[in-house]
Amino acid sequence: MSLEETAKKIADRINGMEYAEVYSHHDADGIAAAAVISIALQRKGIAFRLRILPVLKSASEIEKPEISILCDLGASIADLPDSTIIIDHHVPYNKSPFHINPRLFGIDGEAELSAAGCAYLVANKMADNRDLAGLVMIGILGDCQNVVGCNEKIIGDAIGNNLISPEKSILLTGRTTKEQIEICSSPYLPNLSGNAKLAEEIESECNKKASEEAYFCQLLSEIIAKSDASYNDLMSIYGDSWRLEREIIQNAHALTAVIDACGKSGHYDLAFAVACGDASVLKDAWKCAVEHRMNVINSLKTAEPVSKNTWLVNSAELASDCADVLTKSKNMPVFVIARGKNYLKVSARAPLKSEVDFERFIKSVTEKFGGTGGGHKTRAGAELPQSCETEFIKMLEAF
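Residues numbered from 1 in each chain as written. Predicted model: local features only at pLDDT ≥ 70, side-chain atom pairs only at ≥ 80, totals over all residues. Heavy atoms only, no water.

Participant: If you had to explain the side chain of serine 68 to someone new, which residues and values would you point to?
Facilitator: Topologically, serine 68 is positioned in strand β3 (residues 68-71). Assessed through its relative accessible area of 0%, serine 68 is described here as buried. A polar contact of 2.6 Å, which involves the side chain of serine 68, links it to the backbone oxygen of lysine 64. Apart from residues lying up to four places away in sequence, serine 68 is in contact with Glu21, Tyr23, Ile62, Thr84 and Ile85. (Helix = DSSP H or I, 4+ residues; strand = E, 2+ residues; numbered from the N terminus. Buried < 20%, exposed > 50% of the residue type's maximum accessible area, 1.4 Å probe, protein only. Polar contact = N/O pair within 3.5 Å; in protein donor to acceptor, adjacent residues only side chain to side chain. Contact = heavy atoms within 4.5 Å.)

In structure tokens:
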């Protein structure tokens, strides 16, 4: 059975339901996938309840697995019932007949198809839901994927249907130049990120320019001159971007950042509402995004190197965001650890083309020390007993 045939099989199953329990991961890709499925359910008149989770540890956390749809979750849970619908792209340990996952079809789930992309394939078999393609871009950007393979097919069709417009632009999130600089956590701009005074000064200089081209040149020059950012971070300030013609925030990078920030900070209602196009929550969602990014910046300032590839930060909730920033900045595989209340939080990240398998490594670590974990080859995480911290760090030094 092909990927498309599996999408059709799952779509037929969903279309025959009167009610569904929907679960999703709390990051941009998971929430985008949940929005795609939820909108498709609503259009078919199928009632549902949505729950957004930071992690799914076991099958026992799913109340009614026989009518549940898991978005960006579930692939690693081997003992879920065969009736559970799984829409995921993580390494699969569950081979349910209702499991759509690029990895089950020899497609690179790391770079070529996200959970939001899988949800879109299912939604389009339920009915004509091509207008939801903008949310696929949220999954691509949120999980640091590329517009290649299945992603390229989906986005290419969306461009042809005037749903997405490719552009070149500044890739900094914010409603003003000041905000773009002040809350810039990815890329992280030392001396500028979190610095309201310098951000305001740069905005003032940029506003003196008469043309858009001169404005961009001034902005880039000011950032280069006043920041100690790495070469990799500076090179990621400007590049390919996408305007999402049907979304309430049309800049794809900004929309991804807002949804991701709201989700990861626990404001699931805001994240989901923005993904579904509710403009009434934009002010609160942006406020949440600004606060979250400032928290990430402040956490990065506390990052303490404990080995050549490992940093200790002060917030378990922000460890994954800090790991994303550091691997982009260093252009190498990194580990970020943080001490939670009664656990050790671990986030492992690497550039897409790295020859690492963090998912397998994390699985072996949890088998050795206990705890839970999993993910992708280049993006994985775990919660481990605090008692293993010293031994675990020694393992990382030899990784």
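Let's pick the thread back up.
Participant: How would you explain helix α10 (residues 252-264) if you had to name every residue and give the values?
Facilitator: Relative to the 18 Å expected for 13 residues at 1.5 Å per residue, α10 spans 18 Å between its end C-alpha atoms, a close match to the ideal helical length. Burial analysis of α10 places twelve of its 13 residues in the buried class, the great majority of the element. When we look at burial in α10, the residues that qualify are Ala252, Ala254, Leu255, Thr256, Ala257, Val258, Ile259, Asp260, Ala261, Cys262, Gly263 and Lys264. A side-chain oxygen of the first residue of α10 lies 3.0 Å from the backbone nitrogen of histidine 253; this N-cap is asparagine 251. Downstream of α10 by a residue or two, glycine 266 has a phi angle that is positive, lying close to 90°. (Expected span 1.5 Å × (residues − 1).)

Participant: Before we move on, can you summarise the sheet that holds strand β8 (residues 304-307) with the specific residues and values?
Facilitator: Strand order in the open sheet formed by six strands is β8-β9-β10-β11-β13-β12, with mixed pairing between adjacent strands. Each edge of the sheet is formed by a strand with only one pairing partner; in this case those strands are β8 and β12 (372-375). If you compare each strand with its neighbour and ignore which way they point, the axes differ by 20° on average. Sheet analysis places strand β11 (residues 344-349) next to strand β13 (residues 379-384), joined by six bridges and oriented antiparallel. The residue of β13 that forms the bridge with leucine 344 is leucine 384. Here helix α14 (residues 358-369) sits on the sheet and contacts β10 (334-339), β11, β12 and β13; the angle it forms with β13, its principal contact strand, is near 10°. (Pairing = 2+ DSSP bridges. Axes fitted to C-alpha atoms, helices over the stretch in contact; angles between N-to-C directions.)

Participant: Provide a residue-level description of the packing of aromatic side chains, including the pertinent values.
Facilitator: Counted by the stated rule, this structure contains three aromatic pairs. Taking 6.1 Å as the distance between ring centres and 70° as the angle between the ring planes, the aromatic pair formed by tyrosine 215 and phenylalanine 216 counts as edge-to-face. Positioned above the aromatic ring of phenylalanine 98 is the side chain of arginine 13, whose terminal nitrogen or guanidinium carbon lies 4.7 Å from the ring centre. (Phe/Tyr/Trp six-rings, centres within 6.5 Å; stacked < 30°, edge-to-face > 60°. Lys NZ or Arg CZ within 6 Å of the ring centre and 35° of its normal.)

Participant: Go over helix α2 (residues 28-43) with me, naming the residues and quoting the values.
Facilitator: Relative to the 22 Å expected for 16 residues at 1.5 Å per residue, α2 spans 22 Å between its end C-alpha atoms, a close match to the ideal helical length. Remark: glycine 45 follows α2 within two positions and exhibits a positive phi of approximately 75°.

Participant: Describe the packing of helix α4 (residues 133-142) against α10, naming the residues involved and giving the relevant values.
Facilitator: Between α4 and α10, the least distance of the axes is 9 Å, while the angle of their chain directions is 75°. The orientation of α4 with respect to α10, classified from their angle, is roughly perpendicular. Between α4, through Met137, Ile138, Leu141 and Gly142, and α10, the contact on the second element is made entirely by Ala252, His253, Leu255, Thr256 and Ile259. Along the lines of polarity and charge, the residues of the contact of α4 with α10 split into six nonpolar, three polar and no charged. (Parallel < 35°, antiparallel > 145°, perpendicular 65-115°, else oblique. Nonpolar A, V, L, I, M, F, W, Y, C, P; charged D, E, K, R; others polar.)

Participant: So what about the packing of α14 against helix α15 (residues 389-397)? Which residues, and what values?
Facilitator: Axis separation between α14 and α15 bottoms out at 12 Å; the angle between their running directions is 150°. Relative to α15, the element α14 lies roughly antiparallel. Here the hand of the crossing between α14 and α15 comes out right-handed. Judged by residue contacts, Phe361, Val365, Lys368 and Phe369 of α14 engage Glu391, Phe392, Met395 and Leu396 from α15. Across the contact of α14 with α15, the residue classes break down as six nonpolar, no polar and two charged. (Left-handed = near helix turned anticlockwise from the far one by under 90°.)

Participant: Give me the lowdown on the pairing of β3, citing residues and values where you can.
Facilitator: Residues of β3 alternate between two faces, with Ser68 and Leu70 on one and Ile69 and Cys71 on the opposite face, all of them buried. As defined by bridge partners, strand β1 (residues 19-25) adjoins β3 across four bridges and the pair is classed as parallel. Bridging from a neighbouring strand, valine 22 pairs with isoleucine 69 of β3. In the sheet, β3 pairs with strand β4 (residues 85-87) via three bridges, with the strands oriented parallel. What sits directly across from cysteine 71, in β4, is isoleucine 87.

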